[in-house]
Amino acid sequence: MKKMMILAALLVVASVATAGVNVGDTAPDFTLMDTEGNSVSLSDFEGKIVVLEWLNPDCPYVKRHYKAGTMKGLAERYAGKDVVWLTINSTNYMDAEANAKFKAENDLPYTILVDQDGTVGHSYDAATTPHMYIIDGEGTLVYMGAIDDDPRGSSDAPKNYVAAALDEVTAGKAVTTAETKPYGCSVKYKK
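The rules we used
Residues numbered from 1 in each chain as written. Predicted model: local features only at pLDDT ≥ 70, side-chain atom pairs only at ≥ 80, totals over all residues. Heavy atoms only, no water. Phe/Tyr/Trp six-rings, centres within 6.5 Å; stacked < 30°, edge-to-face > 60°. Helix = DSSP H or I, 4+ residues; strand = E, 2+ residues; numbered from the N terminus. Buried < 20%, exposed > 50% of the residue type's maximum accessible area, 1.4 Å probe, protein only. Pairing = 2+ DSSP bridges. Core = buried A, V, L, I, M, F, W, Y, C linked by side-chain atoms within 4.5 Å. Contact = heavy atoms within 4.5 Å.

What follows is about the packing of aromatic side chains. Counting across every chain of the model gives 7 aromatic pairs. Considering the side-chain rings of phenylalanine 30 and tyrosine 124, the 6.2 Å spacing of their centres and the 80 degrees angle between planes classify their relative orientation as edge-to-face. With a gap of 94 residues between them, phenylalanine 30 in the loop between helix H1 (2–17) and strand E1 (31–34) and tyrosine 124 in helix H5 (residues 119–124) connect regions that are remote in the sequence. Residues phenylalanine 30 and tyrosine 124 agree in their burial class; the two are buried. For the pair tryptophan 54 and tyrosine 124, a centre-to-centre distance of 5.7 Å together with 45 degrees between the ring planes defines the contact as tilted. Of the two residues, tryptophan 54 is situated in strand E3 (residues 49–54) and tyrosine 124 in helix H5; the sequence distance between them amounts to 70 residues. Residue tryptophan 54 is classed as buried on the basis of its relative accessible area, which comes to 0%. Each residue in the set Phe30, Trp54, Tyr124 and Tyr133 is aromatic and connected to the rest through ring pairs, giving one cluster.

Here it is, written out as structure tokens:
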């Protein structure tokens, strides 16, 4: 009996460990509210390349990238190439008003989606802020991981993994570096 209980516990741990998505999977559809109270679904952007960025405005890594204009610059750079940038905030204490304030302060041209209960974050297994995902026009996850190779912010010329992946996807090529280890603050999920 004890062995069966241990085996059952291991199966539960294994299923939790493999939750989320993998490169090559169909991206899970979702519907969230944006900062203006509009309903936004991933399926609204069928046929387009979609970048998902997990955000927490309180995270020092996020603050560094927003001060440098990393995310906003990439979103603007690829906007004319059928690329949609969606930012998702799964921080349990950040409501639509807090996200709207961050959007206004940073003059962001893209949508921030509110995921306070963490449902979408958990479906993607988003672990850090920022944590980046790219979905191609067919709805397949083609990149997941870090924004770049510079977690400490000390490089004069960091390799931007998202830009490299978007260059390849928009050119109709396979993504060379499809998965990297994300860095940043842990997502502050509701307990």
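A word on the pairing of E3. For E3, a buried count of 6 out of 6 residues is recorded, marking the element as mostly surrounded by other parts of the structure. Residues Ile49, Val51 and Glu53 of E3 are buried on one face, and the alternating residues Val50, Leu52 and Trp54, pointing to the opposite face, are buried as well. The pairing of E3 with strand E4 (residues 83–89) spans 6 bridges and is classified as parallel. Bridging across to E4, valine 50 finds its partner in valine 84. Across 4 bridges, E3 lies against strand E7 (residues 132–135) in antiparallel orientation. Across the sheet, the residue bridging to valine 50 is isoleucine 135, located in E7.

Looking now at the nonpolar core. Counting residues in hydrophobic clusters, the biggest one holds 31 residues, and the most contacted among them are Tyr66, Trp85, Met132, Ile134, Val162 and Leu166. Among the elements of the structure, E3, helix H2 (60–68), helix H3 (70–78), E4, E7, strand E8 (141–145) and helix H6 (161–170) are those that each provide at least two residues to this core. Ranked by residues supplied to this core, first place goes to H6 with 6 residues. Once you skip the residues sitting within four places of it in the chain, isoleucine 134 turns out to touch Ile49, Val50, Val51, Thr140, Leu141, Val142, Tyr143, Val162, Ala165 and Leu166.

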